Amino acid sequence: MFFVDTFEFEGLGNRSYLAGGPRAAVVVDPPRDIDQVIAAAARRGVRIAFVAETHVHNDYVTGGLELARVTGAQYLVPAGAHVSFARTPVADGDTAGVDAGLVLRAIATPGHTPHHTSYVLEEDGRGVAVFTGGSLLIGTVGRPDLVEPRLTEQLARAQYASAHRLAAELDDEVPVLPTHGFGSFCSSSQAEGDATTIGKERTSNDALTLDVDTFVAQMLAGLEDVPAYYAHMGPANATGPAPVDLTPPGRADAEEIAARLAAGEWVVDLRSRMAFAEGHVAGAFNFEGEGKLATYLAWLIPWGKPVTLLADTPEQITDAQRELVRVGIDRPAAAATGDPVGWVRQGEQLVSFPRARFADLAQVRERGDEVVVLDVRRGSERVGGYIDGSVHIPIHELHGRVGEVPQGTVWVHCAGGMRAAIAASLLDAAGRDVVAVDDGFDAATDAGLSLISG
């Protein structure tokens, strides 16, 4: 009997897998923090015999090289990937014997990258699972525009062909186990659900139900902005990532926090947006530890900028470190936990800003108060409707465009509240009067605010 264990990384919208038999296993697309994978293999009582990459990842730093080194596993990397380290190159049709009667077979599935490879797990010659990486996802496929703009349409067509090859070679009941597509920006569109099979995709995935020209046109028209930190992930993975250090960072006192802010470094408060709004260190930014911390912090921060983390507990710092090493933010400069009052120097005070609902914004407008409404959603979200008179600056562009926000009190909103909290903290740090709208966007209509269709 075979098994498949799944590792979910909700912050990045990705999954990794441990699969094998009673004695040995393969790890597919491992995370940077490999200790959890090693622990899972130990619980299963299996040896990690192979580590397999479906492609050189653009959205996170892999732990594959280090996992292979630590365990002595063969490191399977697509032959077409240009990397700077020793590995076992894998070509279309290559096989690896994982355990008795259990074989991993490579299928070339270019599209997400030119060298992308999927792996079919076969038990006694029958496909029992397929690890599709960034190829066939749940209801969609991986985006084709992360390698080279001039190759995007060509890769989109290759992605279509790869999806059809998988559907042609595998039985309907074979589970599809992708790496991306659970909120990852590596997905060409947002998938629904968390499990699928070849048969389900055959009837519901645009890559398998549309003609190639329609599919390509729709995919290319729907691509979102690429997170800025993606530019650093591919090179890091091709060079060979270093091992991670997850030991606690040094403790920062109020003087050090102030000094780091004065030096232009980033101080990131991981507490809830409610707690941050009620009282925080002036100049700190709010990226909730429970939100998409790695994605948005890595997207917004100038690459290489030192970051100090503030949180309620040491455990929150530890969790944040794991999230951040996955996107190449390896060591916090310092950290502080506990009562926020201790994060400011004697004689100084925490600062705050108000939170509100869309109903409150409607009342302010009805009174005739002049306020700025700032929408920080993505362009694709705004197309579905936006508040009349609102200014649009997507959250990932705001840090460099704060000067474009009109004068006045800024009521900032997104679709649910998390990104609005980040934006409010950026504006607050820049000295602006801000109100964070912590509400679902559907409530804007209920509040009577006039919406314009995009």
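What you are looking at is a predicted structure, and each value in this text was computed from that prediction instead of being measured. (Residues numbered from 1 in each chain as written. Predicted model: local features only at pLDDT ≥ 70, side-chain atom pairs only at ≥ 80, totals over all residues. Heavy atoms only, no water.)

Novice: Residues and numbers for the overall build of the protein chain, please.
Specialist: Along the backbone of the protein chain there are 16 helices and 22 strands. Relative to a compact globule of 454 residues, whose C-alpha radius of gyration would be 22 Å, the protein chain shows 24 Å and is just as compact. Projected onto the principal axes, the alpha-carbon positions of the protein chain cover approximately 70 × 50 × 35 Å. Burial analysis of the protein chain (454 residues in total) assigns 54% to the buried set. Put simply, 68% of the contacts in the protein chain that link residues at least 6 apart link residues at least 24 apart. Accessible area for the protein chain stands at about 18100 Å²; split by element, carbon and sulfur atoms hold 49% of it. (Helix = DSSP H or I, 4+ residues; strand = E, 2+ residues; numbered from the N terminus. Rg over C-alpha atoms; globule rule 2.2 N^0.38 Å. Buried < 20%, exposed > 50% of the residue type's maximum accessible area, 1.4 Å probe, protein only. Contact = heavy atoms within 4.5 Å. Areas by Shrake-Rupley, 256 points an atom, 1.4 Å probe, with all protein chains shown as cover.)

Novice: An account of the packing of helix 10 (residues 293-300) against helix 11 (residues 314-325) is requested, with residue identities and associated values reported.
Specialist: For the pair helix 10 and helix 11, interaxial distance at closest approach is 9 Å and the crossing angle is 60°. The orientation of helix 10 with respect to helix 11, classified from their angle, is oblique. The element helix 10 and its partner helix 11 pack so that their crossing is right-handed. On helix 11, the residues that touch Leu293, Ala294 and Leu297 of helix 10 are Ala320, Glu323 and Leu324. (Axes fitted to C-alpha atoms, helices over the stretch in contact; angles between N-to-C directions. Parallel < 35°, antiparallel > 145°, perpendicular 65-115°, else oblique. Left-handed = near helix turned anticlockwise from the far one by under 90°.)

Novice: Run through the side chain of Arg382, naming residues and quoting values.
Specialist: Note on placement: Arg382 falls in helix 13 (residues 379-382). Once residues lying within four places of it in the same chain are set aside, the contact partners of Arg382 are Asp375, Arg377, Ser390, His392 and Gly454.

Novice: For the layout of surface pockets, give the residues involved together with the corresponding values.
Specialist: In this structure, the largest pocket spans a volume of roughly 330 Å³. Taken together, 14 residues form the lining of the largest pocket, with Gly289, Glu290, Gly291, Asp319 and Glu323 sitting closest to its centre. Per-element tally for the lining of the largest pocket: the top contributor is helix 11, with four residues. (1 Å grid on protein atoms, 1.4 Å probe; cavity = no way out; pocket = protein on both sides within 12 Å on 5 of 7 lines; lining within 4 Å. Points joined across faces, edges and corners; volume = space filled by probe spheres on them.)

Novice: If you had to explain unusual backbone geometry to someone new, which residues and values would you point to?
Specialist: Of note in the backbone geometry, Asp29 takes a positive phi value of approximately 50° without being a glycine. With respect to the helices, strands and loops of the structure, Asp29 is situated in the loop between strand 3 (24-28) and helix 1 (35-44). At Asp124, a residue that is not glycine, the phi angle is positive and equals roughly 55°. The residue Asp124 is located in the loop between strand 9 (117-123) and strand 10 (126-133) in this model. Among the residues examined, Asp124 registers a relative accessible area of 68% and is labelled exposed.

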